[in-house]
Amino acid sequence: MINDIHRAAYATIEIRAAAGDYPVFVGPGLLSRLPVVVSTYAPSERLAVISDDQVGPIHGAAAAEALVEVGHDVTFLTFPEGEGSKTRKSWSMLTDEMLNAGLGRDCTVVAVGGGVTTDLAGFVAATYLRGVPVVQVPTSTLAMIDASVGGKTGIDVRAGKNLVGAFHAPCAVIADTALLTTLDARNRAEGLVEAVKHGAILSEAHFDMIAHSAEALIGADPDTNAACVAASVRLKADVVARDEFEGGLRQVLNFGHTIGHAIEAAAEYEIGHGRAVAFGMIAEARIGERLGVTEVGTTDRLMAALMSLTDGTSLDVDPSEALRFLKADKKVRAGRARYVLLRRIGEVAHDDGWAHDVDDATARVAVTEVLSGW
Ligand SMILES: NC(=O)c1ccc[n+]([C@@H]2O[C@H](COP(=O)([O-])OP(=O)(O)OC[C@H]3O[C@@H](n4cnc5c(N)ncnc54)[C@H](O)[C@@H]3O)[C@@H](O)[C@H]2O)c1
Ligand SMILES: [Zn+2]
């Protein structure tokens, strides 16, 4: 039976994790194989299927029904969609509901949804009765290419995003790219920004593939998306396998995120993460070129690849606010270097370490320039 999913999958990527290796199955139509994946990788009679209230009716309920049909006892739980639900409150609601349903240590969580569901349901699984298995079914581009690999789970708290959480690797991941047809185009485009990042730091071929296929990718073509998700998962998995708990190499995944996070915070999270990271990557590539670290022309290639993924090339965000967040961030890190710079497309500059120090004046110019339009 399990050979059948290997045959049906566009790609199967084995992820190495301390808690045990797990497969990521990528391809259109694979959600129908959920029951066999659960029985092979997380055999439990009792399951908690968790979705947000937008994905729940479209995909979560069907997944739950398919599991009931093969004899599982399923508790189907939903929470209100959106980042605002990645809270202690949702965590306590979900864990209370599972306790009320009498789910024991032998249960498995099946998370069906975008990155918010991956993180929240993953954190529920990490902590419920000190930890139960989780099978991840990411349904957004971002969740497929980014959140489903690496085992990070967590919630947001007043002091910041993702500050409370745990590493909790799933038993298996099903990335069914046919599910992307119901995701809105803006979320599809924003998710692809992280795929461009994977290409920019690790693989020129992946970078070029996305740049050339942007229309099909944003248009939710399931096969083109399967190729993109599989390549991104492979690239991220390779980095995570070499540095699972974020001591060194894994920092390269932060390319574009130092300035991206500052822009996101300055915009009071009114703009999407992908959009902020796109601006962050352009600013950080310019910094690299200016410092003579990054090959000249790299920023131009990034801009060309990102053009169709960001809604406009300027942002109405106050540069001095963004710079204030950059300064605060530097303080938190006790002045430690935090800029990942490219050598060229497909390669990160690695001299003394994976991150570089950048003086405030250079950062100020780059942030001001990128916000005013590229
Ligand atoms: N754990 C990690 O390594 C990691 C990595 C990247 C991002 N994240 C987290 O992911 C979150 C963002 O993920 P996201 O952008 O997927 O957010 P999300 O889960 O809120 O999904 C975005 C929106 O799309 C909807 N949606 C998702 N899939 C759908 C589908 N197939 N059809 C219709 N609607 C669908 C959701 O209901 C939501 O309204 C953030 O909280 C971020 O911190 C985690
Ligand atoms: Zn990101």
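Residues numbered from 1 in each chain as written. Chains lettered and ligands numbered in written order. Predicted model: local features only at pLDDT ≥ 70, side-chain atom pairs only at ≥ 80, totals over all residues.

Quick notes on the overall build of the protein chain
Step number 1: If you tally the helices and strands in the protein chain, you get 14 helices and 11 strands.
Step number 2: The globule rule puts the C-alpha radius of gyration for 374 residues at 21 Å, and the 20 Å found for the protein chain is close to it.
Step number 3: Dimensions along the principal axes, computed over C-alpha positions, put the protein chain at roughly 60 × 40 × 35 Å.
Step number 4: Long-range contacts, defined as pairs at least 24 residues apart, comprise 73% of the intrachain contacts of the protein chain with a sequence gap of at least 6. (Helix = DSSP H or I, 4+ residues; strand = E, 2+ residues; numbered from the N terminus. Rg over C-alpha atoms; globule rule 2.2 N^0.38 Å. Contact = placed C-beta atoms within 7 Å.)

Remarks on the domain arrangement of the protein chain
Step number 1: Per the domain assignment, the segments of the protein chain are domain 1 (2–182) and domain 2 (185–219 + 221–372).
Step number 2: Each partner contributes residues to the interface: domain 1 has 24 residues there, and domain 2 has 22 residues.
Step number 3: Listed by contribution, the elements that provide at least two residues to the side of domain 1 that touches domain 2 are β1 (11–15), β2 (22–26) and α6 (141–147).
Step number 4: Among the elements that take part in the side of domain 1 that touches domain 2, α6 stands out by supplying five residues, more than any other.
Step number 5: Across the side of domain 1 that touches domain 2, the residue classes break down as 17 nonpolar, five polar and two charged. (Domains from an automatic or database assignment. Nonpolar A, V, L, I, M, F, W, Y, C, P; charged D, E, K, R; others polar.)

Focus: the sheet that holds strand β3 (residues 46–52)
Step number 1: Read across the sheet, seven strands follow the order β1-β2-β9-β6-β5-β3-β4 without closing on themselves; strand pairing throughout is mixed. In this open sheet, the two strands that pair with only one neighbour each are β1 and β4 (73–79). Averaged over all pairs of adjacent strands, the angle between strand axes in this sheet comes to 15°, irrespective of strand direction.
Step number 2: Looking at chain direction, β1 and β2 are connected through five bridges and run antiparallel. Its bridge partner lying in β2, A11 is registered against V26.
Step number 3: Contacts from helix α3 (residues 55–69) reach β3, β4, β5 (108–113) and β6 (134–138), with the element oriented near 170° to β3.
Step number 4: Packed onto the sheet, helix α4 (residues 88–100) meets β3 and β4 and runs at close to 160° relative to β4. (Pairing = 2+ DSSP bridges. Axes fitted to C-alpha atoms, helices over the stretch in contact; angles between N-to-C directions.)

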